[in-house]
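# Architecture and fold: a report
Chain by chain, the residues:
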2 protein chains.
Amino acid sequence: MESRIVATYLIETRYPLEVAAAAMAGEQSSGTFRPLPGETPELLSRYGARVEAIDDLGEADVPSLPHSRPPKGHSSARPRRARVTLSWSLDNTGTILSSVWSTVLGNLFELHHFSAMKLLDLVLPDAFADAYPGPAFGIEGTRRLTGVTGRPIIGTIIKPSVGLTVEATAALADTLISAGLDFIKDDELMGDPPHSPFAERFGAVMDVIDRHADRTGRKVMFAANISGDMDQMRRQLDLIEKRGGTCAMLVLNSVGLPGVIDVRRHSSVAIHGHRAGWGLFSRSPDLGLSYTAYQKFWRLAGVDHMHVNGLSNKFCETDASVIDSARCCLTPMFSRPDRPDTVMPVFSSGQSAVQAEATYAALGTNDLIYCCGGGIMAHPGGIAAGVRSLQEAWEAAARGVPARDYAATHQDLAAALETFGAGAGR
Amino acid sequence: MESRIVATYLIETRYPLEVAAAAMAGEQSSGTFRPLPGETPELLSRYGARVEAIDDLGEADVPSLPHSRPPKGHSSARPRRARVTLSWSLDNTGTILSSVWSTVLGNLFELHHFSAMKLLDLVLPDAFADAYPGPAFGIEGTRRLTGVTGRPIIGTIIKPSVGLTVEATAALADTLISAGLDFIKDDELMGDPPHSPFAERFGAVMDVIDRHADRTGRKVMFAANISGDMDQMRRQLDLIEKRGGTCAMLVLNSVGLPGVIDVRRHSSVAIHGHRAGWGLFSRSPDLGLSYTAYQKFWRLAGVDHMHVNGLSNKFCETDASVIDSARCCLTPMFSRPDRPDTVMPVFSSGQSAVQAEATYAALGTNDLIYCCGGGIMAHPGGIAAGVRSLQEAWEAAARGVPARDYAATHQDLAAALETFGAGAGR
């Protein structure tokens, strides 16, 4: 079978579904709204996008997004929602990810036919796995770099996000690592500002990490935010490698696909993918793209860790959506057992020992990075007790013991459940 | 006065407006939802985002976007809409555009407080003009490269978008240039695919352009789509320069800020900014960013031409929005008269001689690129007559003569108005 790029969309339209799907296929391949001189039947059959399936989801009351237009003479038509699957020949794009982006997203969101348009899924042929290296470390590699097995990698974000001096950052890192954390990261707002230049901050934190590694034999992973201009990212990446760092963080939506791909191609460290700005694409149920489709672009580009929010988070995402996202990260994209393919989901935002049980129950694995802020810092027993409470919560989950029961013999977990649990006020 | 980054948002929230604005400021600077140990008053006053203004726009009936949460005990509160202005010290980000992106967009769209969130405007201090080169050519430079004065640069997009062989593309370019066009461009779907490799296509089209330049003394501008991985973009850019091309096209949303900035820094040709995917950010009135804010990122990154759609377009954008976008492109960003600052708006999508009069009337200038497809190809007098009809339409507009009147003595314009005008069916 010819391998094709396959994309599935949620649409809403007042056009007949077949007409609407054909408009999508035309706009995103050989055609336009009118037949063209050079658009021969041969060209169309080879390069035209194919409508593979239309799944009618029924009528909607009113158009969900404004400014769509009904077909002429059908101004009273009610919109229908549907799931539409299109496919394209690899001849249209080759295996260039930017071309795929323009092809499966591109102008679709502006077509006047539609009052909802969301890319739900994207399936890329294995040829893309030959063209892009994908994650260099993934789950196993990240465990190897951190020396953590049998439980999630437990981490935190250096806060306040901005404003700390280099010295204050290093002192905080020392406190956090002394408390037993496996992983620390810059906030996405912290890049290379005058008050905390990247090179100085990174060096100071690595000094702390190395000192602790001499003592414990384990090197804490520091996801240092290198997001910036290309030359700057390359320089900072070089610095990380030279100084023995094990991870670089990229704000994916600000760095873009070619930027992430370039960093991956020149990197020997894990790439931590932050999704700041994800709400731009996800917040409307009628517009954008699903996390399922979104994370595939970045995984192929070479990211090792993908943020997925967390259960009972401080943002507006539902728990079901968070778990779906994490499952995506843990699902292989290609039939290529020779290299890492899945990536580590990163849970963060309002996380504490409280959510471990439900997270494990929903996911069935502890292959994840679990980042807590207040859930560590605000533990009544102090930061080290906060970290222990998380280790205990995940131990309990992995053993199938309810957290409440485990807490009977584990006082740090008990204090965390008491402090952060339902009814404790959030 | 200290120069600060200033961003204005449309918000909708069930929280008191002051609380909601403070949540935005906190999330996007030093703070989180809870006070932090290191968050001293000094740090907050220096690095905290400042709420500069809150402009109450009144109550909404129901939350526009789902999953927002009201404050505790206020579940029956009705949402209010407001315009909120925040500002940040340059100390937070330095002049790194990716850091600005994370700061003014970032997590805002996911905060549970909000049922609408749109970045309306962004004002950057002149320090950014020192950090980034901005457009190398802008309006004057593009006119110089094309040799077109006193009217818009008239162009077309090579169609079918995909599927033409290199030979067929060159033959079509020959036809188009023979007909008198100033500018041709690849479709955003056409990159470097197996059936039309970039290097071969570019070379073949440049051969045609050079042949005509020998005859006419004017080199037609070819916006060749180099969007792809970084190494590939650099190679293709080198090829364009070596071969005497004058323009490279980038699909901005797929290439990303660092990619565009890098191309600009290594480029000696004009950069044509395609906005495919713009609907992701614009299609919902309650989510995303305005074109005003959007185009500032790309102009600073160094783009010379920015797509703005066109009047009576085939997409779902209103004419008023199109004109607003074009005006943005023509409005200076910085107080730096020493270099190009404004960029050429690119009109396209369903354009013909018909819209010239209204476009000129609304804009008051012909400093624009005017791309037509069917409006040239489907002219009853042929392609050359189609091009002449556009030149005549813009002549009439610049002279303040109604197109209908001018058409009395200009038959190509007359035929265009007859074929493409209101009532002719579109």
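Every value quoted in this text rests on a predicted model; they were computed, and no experiment measured them.

The next point concerns the relation of the copies chain A and chain B. For the pair chain A and chain B, the best superposition has an RMSD of 0.0 Å and corresponds to a rotation of 180 degrees with a translation of 0.0 Å parallel to the axis. Viewed as a symmetry operation, the transformation between the two copies matches a two-fold axis. Closest approach to the rotation axis among the C-alpha atoms of chain A is made by Gly256(A), whose C-alpha sits 2.1 Å away. By residue overlap, the copies meet face to face through one surface: 100% of the interface positions of chain A are interface positions in chain B.

Below, the discussion takes up helix α16 (residues 383–399) of chain A. Its 17 residues give α16(A) an end-to-end C-alpha distance of 25 Å, which sits within 8% of 24 Å, the value for a rise of 1.5 Å per residue. Listing the buried residues of α16(A) in full gives Ile383(A), Ala385(A), Gly386(A), Val387(A), Ser389(A), Leu390(A), Glu392(A), Ala393(A), Trp394(A), Ala396(A) and Ala397(A).

Next up on the list: the environment of Ala168(A). Residue and element names in this part refer to chain A. Relative to the helices and strands, Ala168 resides in helix α7 (residues 166–178). Classification of Ala168 by relative accessible area gives partly exposed; the value is 29%. Along the primary structure Ala168 and Arg399 are separated by 231 residues, whereas in three dimensions their C-alpha atoms are 39 Å apart.

All names here are of chain B. In the contact formed by helix α4 (residues 97–104) and helix α12 (residues 291–301), the axes pass within 11 Å of each other and the chain directions differ by 170 degrees. Classified by the angle between their axes, α4 and α12 sit roughly antiparallel to one another. Within the contact between the two elements, α4 uses Leu97, Val100, Trp101 and Val104 and α12 uses Phe297, Leu300 and Ala301. Partitioning the contact of α4 with α12 into residue classes produces 7 nonpolar, no polar and no charged.

All names here are of chain A. For strand β7 (residues 221–225), the buried fraction is high: 5 of the 5 residues fall into the buried class. What you see with β7 is no split at all: Met221, Ala223 and Asn225 on one side and Phe222 and Ala224 on the other are buried throughout. Note: strand β6 (residues 183–185) against β7, 3 bridges, orientation parallel. Directly across from Ile184, in β7, lies its bridge partner Phe222. Bridge analysis of β7 against strand β8 (residues 247–251) gives 2 bridges, and the strand direction is parallel. Across the sheet, Asn225 pairs through a bridge with Met249, a residue of β8. Crossover β7 to β8 through helix α9 (residues 230–242) is right-handed.

For the coordinates displayed, the defined rule picks out 53 salt bridges over all chains. A salt bridge links Arg336(B) to Asp130(B), with the shortest nitrogen-to-oxygen separation between them at 2.6 Å. Of this pair, Arg336(B) sits in the loop between α13 (319–329) and β12 (344–347) while Asp130(B) sits in helix α5 (residues 127–131), and the two are 206 residues apart along the sequence. Exposure remark for Arg336(B): the relative accessible area of 21% places this residue in the partly exposed category. Note that Arg299(B) and Asp341(B) form a salt bridge whose closest N and O atoms lie 3.5 Å from each other. Of the two residues, Arg299(B) sits in helix α12 while Asp341(B) sits in the loop between α13 and β12, which places them 42 residues apart along the sequence. Neither residue differs from the other here; Arg299(B) and Asp341(B) are each classed as buried. One network of salt bridges, with partners in common, ties together Glu12(A), Arg81(A) and Asp286(A).

Residues and elements named next belong to chain B. Inspection of the entire model under this criterion finds 19 aromatic pairs over all chains. Each ring, one from Trp278 and one from Tyr294, has its centre 4.5 Å from the other, and the planes form 40 degrees; the classification is tilted. On the criterion of sequence distance, the pair formed by Trp278 in the loop between β9 (270–274) and α11 (279–282) and Tyr294 in helix α12 is long-range, its members being 16 residues apart. In this structure, Trp278 and Tyr294 share a single accessibility class: buried.

Grouped burial of nonpolar side chains is what soluble globular proteins tend to show. Ranked by internal contacts, the top residues of the largest apolar core, which has 242 residues, are Tyr9(A), Val104(A), Tyr9(B) and Val104(B). What Val104(A) contacts, discounting residues up to four positions off in sequence, is Ile5(A), Ala7(A), Tyr9(A), Trp88(A), Leu119(A), Leu122(A) and Phe297(A).

Its 14 residues place the ends of helix α10 (residues 252–265) of chain A only 15 Å apart at the C-alpha level, less than the 20 Å of an ideal helix rising 1.5 Å per residue. If you look at α10(A), its biggest bend is around 70 degrees, right at Pro258(A).

All names here are of chain A. On the basis of which strands lie adjacent, the closed barrel formed by 8 strands has the order β5-β6-β7-β8-β9-β11-β12-β13 and parallel pairing. This sheet shows a mean twist of 25 degrees between the axes of neighbouring strands, independent of strand direction. Looking at chain direction, strand β9 (residues 270–274) and strand β11 (residues 305–309) are connected through 2 bridges and run parallel. When the bridges of β11 are listed, Gly273 appears paired with Met306. Here helix α8 (residues 198–216) sits on the sheet and contacts β6 and β7; the angle it forms with β7, its principal contact strand, is near 175 degrees.

Residue and element names in this part refer to chain A. By the element assignment, Ile5 lies in strand β1 (residues 4–13). Measuring from C-alpha to C-alpha, the distance between Ile5 and Ser89 comes to 6.5 Å, with 84 residues separating the pair along the chain. Residues contacting Ile5, with those up to four places away along its chain left out, are Leu86, Ser87, Trp88, Leu90, Thr93, Val100, Val104, Leu122, Val123, Leu124, Pro125 and Phe128.

So, on to the sheet that holds strand β4 (residues 114–123) of chain B. Two orientations exist for strands paired in a sheet by backbone hydrogen bonds: parallel and antiparallel. Residues and elements named next belong to chain B. Strand order in this open sheet of 5 strands is β2-β3-β1-β4-β10, and the pairing throughout is mixed. Pairing within the sheet leaves two strands with one partner each, and these edge strands are β2 (50–59) and β10 (287–289). Pairwise comparison of adjacent strand axes, ignoring direction, gives a mean angle of 15 degrees for this sheet. In the packing of α4 onto the sheet, the strands contacted are β1 (4–13), β3 (80–89) and β4, and the crossing angle to β1 comes to about 30 degrees.

Conventions and cut-offs
Residues numbered from 1 in each chain as written. Chains lettered and ligands numbered in written order. Predicted model: local features only at pLDDT ≥ 70, side-chain atom pairs only at ≥ 80, totals over all residues. Heavy atoms only, no water. Least-squares fit on C-alpha atoms with pLDDT ≥ 70 in both. Contact = heavy atoms within 4.5 Å. Helix = DSSP H or I, 4+ residues; strand = E, 2+ residues; numbered from the N terminus. Expected span 1.5 Å × (residues − 1). Buried < 20%, exposed > 50% of the residue type's maximum accessible area, 1.4 Å probe, protein only. Axes fitted to C-alpha atoms, helices over the stretch in contact; angles between N-to-C directions. Parallel < 35°, antiparallel > 145°, perpendicular 65-115°, else oblique. Nonpolar A, V, L, I, M, F, W, Y, C, P; charged D, E, K, R; others polar. Pairing = 2+ DSSP bridges. Right-handed = clockwise from strand over helix to strand, strands pointing away. Salt bridge = Lys/Arg side-chain N within 4 Å of Asp/Glu carboxyl O. Phe/Tyr/Trp six-rings, centres within 6.5 Å; stacked < 30°, edge-to-face > 60°. Core = buried A, V, L, I, M, F, W, Y, C linked by side-chain atoms within 4.5 Å. Bend = angle between axes of the 7 residues up to and from the residue.

Nothing here speaks to function; it is all geometry.
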